[in-house]
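So you can see what is in the structure, the chains are spelled out below.
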Amino acid sequence: MSGHSGNEQDVLEALDLLLHLDTERTRRISLLDTHAVLRALTDRIRHEHGFDVALAGLIEDRDLVLRIWSGTHHDTLHDLSVPLGLGLGGRVAAVGSPVVVGDYFGSHHITHDFDAQVRREGVAGMVGLPIGSGTTRGVIYGAHRDAAKIGDNAVDALGRLTRLATLAVDVADGAATLADSSVAAERRRIAESLHDSVGAMLFGIGSSLRRLQTEARETPSVTRQLARVEQQLSLASSSLRESVSRLRETRSDRDPGRLAAGVAESVRCFELRTGVTAGFVPVGRTPDLDPERAAVLVRAVDEALLNVEKHARARSVVVTLACSDDRVSVAVMDDGVGCPTVDPAADGRSGSPGTAATGAGLPGLRTRVQRLGGSLRLLRDEDGTTLRCDVPLPQPAAGAPGAGEGPAALHGGDAAPDAAPDAAAATNL
């Protein structure tokens, strides 16, 4: 049979769209060029703050990789991979706080894994600061080629620049989360389309084939041909089931994309259902969460959107998803009038002035959130209502990587500070 039926054509177009979405995801993220921001910031570190050399790197897999540089004379520090905990940058990435070394080679509180590279560049004093909100995503360095003191003012100035770098990283991560959510939703849609169209078509062919086999019992050659067709049809049906299963499956129970995709789907359905303009804004990288925490956060979004739909008379809604040092939160903000029913924080009592009330589903949700150690808050002012749900991130088990790591743990003992300017931190490059 040549050509494609209408159902087959729909499926092929859907597959083309999925490929386009994945390509578009890469393009959108490239537009938010974090490296371009870091290049501009390293130039400012040198030209506005008097450092001879500036470097920046992002965490790739488990290492810090120095991808950005300004003022270097050689390439020994270019694309250098720095394991977490080693060197000044590795130390910054591991503990998430600034590290200052006034005399790089004279300090007793750094590992000297990168002495050869640093000596080749002629660097003496160095400071590193972390990039990222919550989990460290990278490090910015400023360095002098002499032993000039790196004072608090210089560290504060670099701190302001790292906040800009953090914003750039968070925006890029948010764009990646949105794109991943779009791809996940399209995967599910294609799976449903394959099941409903091609699956139904194969079932119909199978029914027709069985009728032909009944009618062709007296013709052995035709019966044999029909048997071969039936075998091929069985293989096609099995392949379809496997493809649909792969499209529907998630990568793991703790896949961070599941949480973002769930929130994005809730927002999309709300907008389609109500016609109210609704946006989803993920901030930074979505953390790995167990299914229970993820389900509670999505449930909080669903419940808040339901209350907006029923009571708020809102013209627009914005939903955010963000992660801090120790917790992840969702917030649903609308510009409506609120809903004067039950305050979840009052255990069924009437709402107090300044605190918005909610629908009956929120007290039960609040109990689930509190069992996880989180909080559920609903606030209203003249601009609208905000429901915010926070849950703590899972704590690493004792002895797990990262558990109990501090400056002393990374050094294997107490670290005595150098004389100023090394007193700001006990460090490694």
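Above this note sits the structure.
Let me sum up the structure you'll find in this document. (Residues numbered from 1 in each chain as written. Predicted model: local features only at pLDDT ≥ 70, side-chain atom pairs only at ≥ 80, totals over all residues. Heavy atoms only, no water.)

## What about a nonpolar patch on the surface?
Condition: Note that patches include only residues with greater than 30% relative accessible area and no salt bridge, and the join distances are 9 Å for like charges and 5 Å for nonpolar side chains (Val, Leu, Ile, Met, Phe, Trp, Tyr). To measure how exposed things are, a 1.4 Å probe is used in the Shrake-Rupley method; for residues, cover is taken only from the protein chains shown. By definition, a salt bridge exists where a carboxyl oxygen of Asp or Glu is found within 4 Å of a side-chain nitrogen of Lys or Arg. Helix and strand labels come from DSSP, where a helix needs a run of H or I of at least four residues and a strand needs a run of E of at least two; each type is numbered from the N terminus. Throughout, exposure labels follow a simple rule: accessible area from a 1.4 Å probe, protein chains only, divided by the maximum for the residue type, with under 20% read as buried, over 50% as exposed, and the rest as partly exposed.
A surface patch of nonpolar side chains, about 260 Å² in accessible area, is lined by Val281, Val283, Val318 and Met333. Following the sequence through the fold, Val283 ends up in strand β7 (residues 277–283). For Val283, a relative accessible area of 36% puts it in the partly exposed group.

## With respect to the packing of helix α8 (residues 291–312) against helix α9 (residues 361–371)
The description of two packed helices rests on the angle between their axes and on the distance between the axes. Selection criterion: In this description, a line fitted to the C-alpha atoms serves as the axis of each element, helices being fitted only across the stretch in contact, and the angle between N-to-C directions of two axes falls anywhere from 0 to 180 degrees. Note that the term roughly parallel is reserved for angles under 35 degrees, roughly antiparallel for angles over 145, roughly perpendicular for angles of 65 to 115, and oblique for everything else. Whether a crossing is left-handed or right-handed is set by the direction in which the near helix is turned from the far one by less than a right angle, anticlockwise for left-handed and clockwise for right-handed. We call two residues in contact when some of their heavy atoms are within 4.5 Å.
Running from amino to carboxyl end, α8 crosses α9 at an angle of 160 degrees, the nearest separation of the two axes being 11 Å. By the angle class used here, α8 and α9 are roughly antiparallel. Judged by the sense of rotation from one axis to the other, the crossing of α8 with α9 is left-handed. For the pair α8 and α9, the contacting residues are Ala295, Val296, Arg299, Ala300, Glu303 and Asn307 in the first and Gly361, Leu362, Leu365, Arg368 and Val369 in the second.

## A closer look at the nonpolar core
Put simply, the rule is: Buried Ala, Val, Leu, Ile, Met, Phe, Trp, Tyr and Cys residues form a nonpolar core when they are joined through side-chain atoms within 4.5 Å.
With 38 residues, the main nonpolar core has Val317, Val319 and Cys389 as its most contacted residues. For this core, the elements supplying multiple residues, two or more each, are α7 (256–274), β7, α8, β8 (316–323), β9 (327–334), α9, β10 (375–381) and β11 (384–392). The residues contacting Val317, other than those within four sequence positions of it, are Phe270, Val276, Thr277, Ala278, Gly279, Leu305, Val308, Val332, Met333 and Asp334. In terms of nonpolar packing, the next biggest core, distinct from the first, is built from 21 residues, Val123, Met126, Tyr141 and Ala143 among them.

## A short note on the sheet that holds β7
Quick reminder of the rule: Between any two strands, at least two bridges found by DSSP are needed for them to pair.
Within the open sheet, the five strands sit side by side as β7-β8-β9-β11-β10. Their pairing is mixed. Strands at the two margins of the open sheet, each flanked by one partner only, are β7 and β10. Along the sheet, successive strands turn relative to each other by an average axial angle of 10 degrees, direction set aside. Contacts between α9 and the sheet are confined to β10 and β11, with β10 contributing the most and set at about 135 degrees to the helix.

## Side note on the packing of aromatic side chains
The description of an aromatic ring pair rests on the distance of the ring centres and on the angle between the ring planes. This is how it is decided: We call Phe, Tyr and Trp rings a pair once their centres come within 6.5 Å, taking the six-membered ring for Trp, and we label the pair stacked below 30 degrees between planes, edge-to-face above 60, and tilted otherwise.
Within the structure shown, the criterion is met by one aromatic pair. Centre to centre, the rings of Tyr104 and Phe105 are 5.1 Å apart; their planes meet at 85 degrees, and the pair counts as edge-to-face.

## Regarding the environment of Asp79
Within the secondary structure, Asp79 is located in the loop between β2 (63–70) and β3 (81–83). Not counting residues within four places of it along the chain, the set of residues in contact with Asp79 comprises Val65, Leu66, Arg67 and Trp69.

## Overview of the environment of Asp113
Residue position: Asp113 is located in the loop between β4 (99–101) and α4 (115–121). Between the alpha carbons of Asp113 and Gly87 there is a distance of 6.7 Å; along the sequence they are 26 residues apart.

## Looking at the sheet that holds β2
Sheets are built from strands that pair by backbone hydrogen bonding, the pairs being arranged parallel or antiparallel. With respect to topology, six strands assemble into an open sheet ordered β3-β2-β1-β6-β5-β4, the strand pairing being antiparallel. The open sheet has two free edges, formed respectively by β3 and β4, since each of these has just one partner strand. The average undirected angle you get between the axes of adjacent strands in this sheet is 25 degrees. One ladder, built from three bridges, connects β4 with strand β5 (residues 125–131); its direction is antiparallel. The partner of Val101 across the bridge, within β5, is Met126. Strand contacts of helix α2 (residues 34–49): β1 (53–60), β2, β5 and β6 (138–144), with the helix running at about 150 degrees to β1, the strand carrying the most contacts. Against the sheet, helix α3 (residues 87–95) touches β1, β2, β3, β4, β5 and β6, its axis set at about 30 degrees to β5.

## Thoughts on the pairing of β2
The pairing of β1 with β2 spans seven bridges and is antiparallel. Note on β2: the bridge partner recorded for Gly57 is Leu66. Here β2 pairs with β3 via three bridges, running antiparallel. Paired with Asp63 across the strands is Pro83, a residue of β3.

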